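# Chain and residue survey
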Protein chains: 2
Amino acid sequence: MKEIGKSLIGFIRKDPKQKEFRKSIEQIIGSKPTNDLLYQLAFRHTSASKQTSFNGFKESNERLEFLGDAVLGMVIAEYLFKKYPFKDEGFLTEIRSRIVNRESLNQVARRIGLDNLVEFDGQRNFHRTSMFGDAMEALIGAIYLDKGFAFARKFIISKLLTNHYDLNEVISNNTNYKSTILSWAQADGRKVEFLIVEEKGKNHSKEFIAQVLVDSEVISTGSGWNKKKAEQDASRRACEALKI
Amino acid sequence: MKEIGKSLIGFIRKDPKQKEFRKSIEQIIGSKPTNDLLYQLAFRHTSASKQTSFNGFKESNERLEFLGDAVLGMVIAEYLFKKYPFKDEGFLTEIRSRIVNRESLNQVARRIGLDNLVEFDGQRNFHRTSMFGDAMEALIGAIYLDKGFAFARKFIISKLLTNHYDLNEVISNNTNYKSTILSWAQADGRKVEFLIVEEKGKNHSKEFIAQVLVDSEVISTGSGWNKKKAEQDASRRACEALKI
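Residues numbered from 1 in each chain as written. Chains lettered and ligands numbered in written order. Predicted model: local features only at pLDDT ≥ 70, side-chain atom pairs only at ≥ 80, totals over all residues.

The subject of this paragraph is the sheet that holds strand E5 (residues 217–224) of chain B. Strand pairing within a sheet occurs via backbone hydrogen bonds; the two strands may be parallel or antiparallel. Residue and element names in this part refer to chain B. Read across the sheet, 3 strands follow the order E3-E4-E5 without closing on themselves; strand pairing throughout is antiparallel. At either end of the open sheet lies a strand with only one pairing partner, and these are strand E3 (192–200) and E5. Across this sheet, the average inter-strand angle for adjacent strands is 20 degrees, counted without regard to direction. For strand E4 (residues 207–214) and E5, the ladder comprises 7 bridges, and the chain directions are antiparallel. Bridge pairing in E5 links Phe208 to Gly224. Lying on the sheet, helix H10 (residues 177–188) is in contact with E3 and E4; it crosses E3 at an angle near 150 degrees. Against the sheet, helix H11 (residues 227–241) touches E3, E4 and E5, its axis set at about 135 degrees to E5. (Pairing = 2+ DSSP bridges. Helix = DSSP H or I, 4+ residues; strand = E, 2+ residues; numbered from the N terminus. Axes fitted to C-alpha atoms, helices over the stretch in contact; angles between N-to-C directions. Contact = placed C-beta atoms within 7 Å.)

Given below as structure tokens:
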């Protein structure tokens, strides 16, 4: 196995396309990749995944995305924990979820140029998917495996968070998804309902589950640490689902 | 501020109760705590939280729990990622959630003796809460801040995961919560319904949202990467809510 691995890497290094790829990664992460294959995998969307010959396992970036999502969540958690020593965990949870939500990650991924690197089946319509944000999470997973925790943390904080987020804006950003839906419904002659369908936990650990119904059909479910947040979360998902 | 901090630590070190506390922590984590205050905070349930005098912020272990939850999630993600190189992200997500679920964490917390350390308002009934599991997450947050990532990771893997979980059992554990509810309903003369209320995403990133209704009332909402998992998740939550 080692022999095959080495000759494969040797082969890849000579390929000019591969040289260009290495250079792109170096520009994005600020260091030469050690294990190119990790980064290649990070940019392989499931629509372009290949069956590995020896065990039939289909390799795509989804496993790396799982890992990178966890690394990103942790690094942001620590960053916010230290930056806001007098804010409670509800605030920290909310701000983190705004930072790592699908739209934000997709946007940042495009801004750092990941959209040029993702390999996918171009026949299909990936408009409005989370493909680039997912690739960014997978890239974080690859960086963590290739360069270790300290490097991955520094990448997240200095290359993503401080370069592409304005935290004050994130905190004050109150896009009112509920009113967005209400306007849409009025214009379109639909009946919209917002329901709190469940309350979980007690006191400080309370969680609310809200649903948005359009013409009595459940469109989305969301959660939050108060009723308003749960409704906003459900409304945001409804906006996505309804492509409003 | 530094002066106050130092003299406070000096004062605490002389207190025999505090000595005992330090010893307990040392036994649990396998190293002398550097910053005692972090560990004290980790065991302060919100019911016993004190208002800090200088800014009115109520200090409890909830912020540390937020941080520790993220550290735990990441370490388990990496562990599973490496241990199961040919399992997909759905499997990894599912197994991780079984490891870090409320019941498992509570159980492990008791087994390592955290129930003797948690400070809470004993007047209230905390039966069936996640108090001990939450304290364990807060402890992980404290360890991370006190000793760094490598130490926290080692603690999670060697003191918690390999000592208190049988991964093969976790993987094969298919407690059928749906049939548990059905039996309960039949014995109690209730009508139970399991509904898939939403489907999110496409292909590999699909997520289903299920609900359990008892006598037409929504009892719980759950999610999963297929309909069966979503129903199981909703059923597990219903079992909790109904105290079955």
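The rest of the description comes next.
Let's shift gears to the interface of chain B and chain A. Counting residues at the interface gives 28 residues for chain B, matched by 29 residues for chain A. At the level of secondary structure, the elements contributing two or more residues to the side of chain B that touches chain A comprise helix H4 (62–83), helix H5 (89–99), E3 and E5 of chain B. Grouping the constituent residues of the side of chain B that touches chain A by class yields 14 nonpolar, 7 polar and 7 charged. (Nonpolar A, V, L, I, M, F, W, Y, C, P; charged D, E, K, R; others polar.)

By a simple turn and slide, chain B fits onto chain A: the slide is 0.0 Å along the axis, the RMSD is 0.1 Å, and the turn is 180 degrees. Classification of the inter-copy transformation places it as that of a two-fold axis. Residue Met74 of chain B, judged by its C-alpha, is the member of chain B lying nearest the rotation axis, at 3.3 Å. The share of interface residues of chain B whose copies in chain A are also at the interface is 100%, consistent with both copies meeting through the same surface. (Least-squares fit on C-alpha atoms with pLDDT ≥ 70 in both.)

Attention now moves to the confidence of the model for chain A. Residue and element names in this part refer to chain A. Residues at a pLDDT of 70 or more form 87% of chain A, whose mean pLDDT is 86. No element of chain A has a lower mean pLDDT than helix H1 (residues 2–14), which averages 54, and none a higher one than helix H4 (residues 62–83), which averages 97. With a pTM of 0.71, the predicted complex shows an ipTM of 0.70. (pLDDT = per-residue confidence, 0-100.)

Moving on: the sheet that holds strand E5 (residues 217–224) of chain A. Residue and element names in this part refer to chain A. Across the sheet, which stays open at both edges, the 3 strands sit in the order E3-E4-E5 with antiparallel pairing between neighbours. Every interior strand has two partners, whereas the edge strands, strand E3 (192–200) and E5, have only one. Across the sheet, the mean angle from the axis of one strand to that of its neighbour is 20 degrees, orientation sign disregarded. Across the sheet, helix H11 (residues 227–242) is in contact with E3, strand E4 (207–214) and E5; its angle to E5 comes to roughly 135 degrees.

Quick look at the pairing of E5 of chain A now. Within E5 of chain A, 6 of the 8 residues are buried, which leaves it mostly tucked inside the rest of the structure. Linking E4 of chain A to E5 of chain A, which pair antiparallel, is a turn of 2 residues; within it Asp215 of chain A sits at a positive phi near 50 degrees. (Buried ≥ 20, exposed ≤ 12 C-beta atoms within 10 Å, placed from the backbone.)

Judged by nonpolar contacts, the single largest core of 86 residues is most densely connected at Ala135 of chain A together with Ala135 of chain B. Ignoring any residue separated from it by four or fewer positions in sequence, one finds Ala135 of chain A in contact with Ala42, Phe43, Asn61, Ala109, Leu114 and Val118 of chain A. If you look at the next biggest cluster of nonpolar residues, it comprises 11 residues, including Ile209, Val212, Ala234 and Ala238 of chain A. (Core = buried A, V, L, I, M, F, W, Y, C linked by C-beta atoms within 7 Å.)

Even without being glycine, Asp215 of chain A reaches a positive phi, approximately 50 degrees. Among the structural elements, Asp215 of chain A can be located in the loop between E4 and E5. The phi angle at Ser216 of chain B is positive, at roughly 65 degrees, despite the residue not being glycine. Structurally, Ser216 of chain B is set in the loop between E4 and E5. With 7 C-beta atoms counted inside 10 Å, the residue Ser216 of chain B sits in the exposed group.

A few words now on the environment of Gln186 of chain B. Residue and element names in this part refer to chain B. By the element assignment, Gln186 lies in helix H10. On the neighbour-count criterion, Gln186 (10 C-beta atoms within 10 Å) is exposed. Separated by 19 residues in sequence, Gln186 and Leu167 have C-alpha atoms that sit 34 Å apart.

As paired strands, E3 of chain B and E4 of chain B are joined by 8 bridges and run antiparallel to one another. Looking across to E4 of chain B, one finds that Val192 of chain B is bridged to Val214 of chain B.

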